[in-house]
Amino acid sequence: MTGPDLRDEGALQVGWAHLSAGRSADAVRVLGDESVRRPDDADVWRSLGEARDRAGDQVGAIEALQRAVLLAPRSAHARHHLGAILFTSSRSTEARVHLESAVRLWPAHPLAWGDLAGACLDTQDPAAARRAGDEAVRHNPSGGYGWYYRGLARQRLGDPAGAIADLTEAARLLPAAMDVRLALVEAIDATGRRADALAALRDLLRTAPRNRRARALLRRWVPPAP
């Protein structure tokens with residue numbers, strides 16, 4: 001390679017070095033400048049999207065990733081990252097389109113199947129969420145959110161035992177994720193095992209004593225003495 005190519009590669013490396021070191025603002029600055037210099041480079045826009053996301057600018061991240069997808073519609077990475085941010089931004093219908101594209105482009109994607117399962121749940125399609133959860137668990141068995149979303153899908157589909165099994169594994173893999181542990185508590189309770197659910201809830205509160213949802217649930221199940 002000669003000068004311009006080396007310079008192009010170097011700018012991306014500098015941007016990613018800033019990201020790796022946790023310097024999101026510096027990464028946004030470097031990659032933003034690079035997007036002006038190379039407006040037709042999908043890798044630059046995808047990298048800028050990730051930098052903006054880590055910097056807490058979801059709107060800017062979505063704009064950059066939409067540009068990356070426009071320039072490289074067959075980029076599974078860009079499709080997945082855009083879909084994931086749309087999903088966490090409560091834009092699940094849009095997210096699902098990009099996440100379905102991501103898994104078609106890369107059927108063994110380690111993360112996209114789990115995000116797709118969540119988007120399918122949000123769009124009221126638990127059967128599709130169950131199928132996506134199956135793939136998430138198959139391709140990434142150590143990824144807790146695949147188990148979590150599949151567990152929620154099983155619960156909606158009338159499989160309480162399967163839901164509890166999946167949510168138990170999700171809680172093991174994601175011990176700090178209170179939503180996951182609360183979902184397990186509620187799944188146990190839905191089977192009529194209030195004592196077991198209460199024990200799980202109290203165990204959660206020992207870890208997160210100020211969790212509002214857990215405290216409200218405890219007050220509902222165990223009203224304070226008059």
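The coordinates are above.
Attention here is on the structure that accompanies the text. (Residues numbered from 1 in each chain as written. Predicted model: local features only at pLDDT ≥ 70, side-chain atom pairs only at ≥ 80, totals over all residues. Heavy atoms only, no water.)

## Considerations on the packing of aromatic side chains
A ring pair, where both rings are aromatic, is described by two values, the distance of the centres and the angle of the planes. Worth spelling out the cut-off: Each Phe, Tyr or Trp ring (for Trp, its six-membered ring) is paired with any other whose centre lies within 6.5 Å, and the angle between the two planes then decides the class: stacked below 30 degrees, edge-to-face above 60, tilted in between. The buried label applies to any residue whose accessible area, calculated with a 1.4 Å probe on protein chains only, is under 20% of its type's maximum; exposed applies above 50%, and partly exposed to all values in between.
Applying the stated criterion across every chain, the model contains 4 aromatic pairs. Where Y148 meets Y149, the ring centres are 5.1 Å apart and the plane angle is 50 degrees; that geometry is what we call tilted. Residue Y148 shares its accessibility class with Y149, and that shared class is buried.

## What to know about the nonpolar core
As a rule of thumb, soluble globular proteins bury nonpolar side chains together. Basically, it comes down to this: Here, the term nonpolar core denotes a set of buried Ala, Val, Leu, Ile, Met, Phe, Trp, Tyr and Cys residues that are joined through side-chain atoms within 4.5 Å. Numbering of helices and strands runs from the N terminus; a helix is a DSSP stretch of H or I covering at least four residues, while a strand is a stretch of E covering at least two. Throughout, a contact is declared for two residues whenever any of their heavy atoms are within 4.5 Å.
Residues Y148 and L201 are the most contacted members of the largest nonpolar core, which totals 63 residues. The biggest single contributor to this core is helix 11 (residues 178–190), with 8 residues. Discounting residues that sit within four places of it in the chain, Y148 has contacts with L167, A170, D179, V180 and A183.

## Observations regarding helix 3 (residues 42–54)
Condition: To estimate how far a helix should extend, the number of its residues minus one is multiplied by 1.5 Å.
With 13 residues, helix 3 extends 18 Å between its outermost C-alpha atoms, agreeing within 8% with the 18 Å of an ideal straight helix rising 1.5 Å per residue. Those residues of helix 3 that sit buried are A42, V44, W45, S47, L48, G49, E50 and A51.

## Some thoughts on the environment of A76
Locating A76 in the fold gives a position in helix 5 (residues 76–88). On the basis of relative accessibility, which here comes to 11%, the residue A76 falls in the buried class. In contact with A76, not counting residues within four places along its chain, are A102, L105 and W106.

## Structural notes on the packing of helix 9 (residues 144–156) against helix 11
Just so we agree on the cut-off: Geometry is summarised by axes, namely lines fitted to C-alpha atoms with helices restricted to the contacting stretch, and by angles between N-to-C directions that run from 0 to 180 degrees. Should an angle fall under 35 degrees it is taken as roughly parallel, and over 145 as roughly antiparallel, whereas 65 to 115 is taken as roughly perpendicular and any remaining angle as oblique. Rotating anticlockwise by less than a right angle from the far helix to the near helix defines a left-handed crossing, while the corresponding clockwise rotation defines a right-handed one.
Contact pair helix 9 / helix 11: the axes reach a minimum separation of 11 Å and the direction vectors enclose 30 degrees. One way to sum up the angle between helix 9 and helix 11 is to call them roughly parallel. Considering the relative orientation of helix 9 and helix 11, their crossing is left-handed. Residues Y145, Y148, L152 and Q155 of helix 9 form the contact with helix 11, whose own contacting residues are D179, V180, A183, E186, A187 and A190.

## Comments concerning the environment of R96
The line we're drawing: Two N or O atoms count as a polar contact when they lie within 3.5 Å, although within protein this holds only if one can serve as hydrogen donor and the other as acceptor, and sequence-adjacent residues are included solely when both atoms are side-chain atoms.
Turning to its location among the elements, R96 is positioned in helix 6 (residues 92–105). Excluding its chain neighbours within four sequence positions, the residues that come into contact with R96 are L116, A119, C120, T123, D125 and A128. A polar contact is formed between the side chain of R96 and the side chain of D125, at a distance of 3.0 Å.

All we've got here are geometric facts, nothing functional implied.
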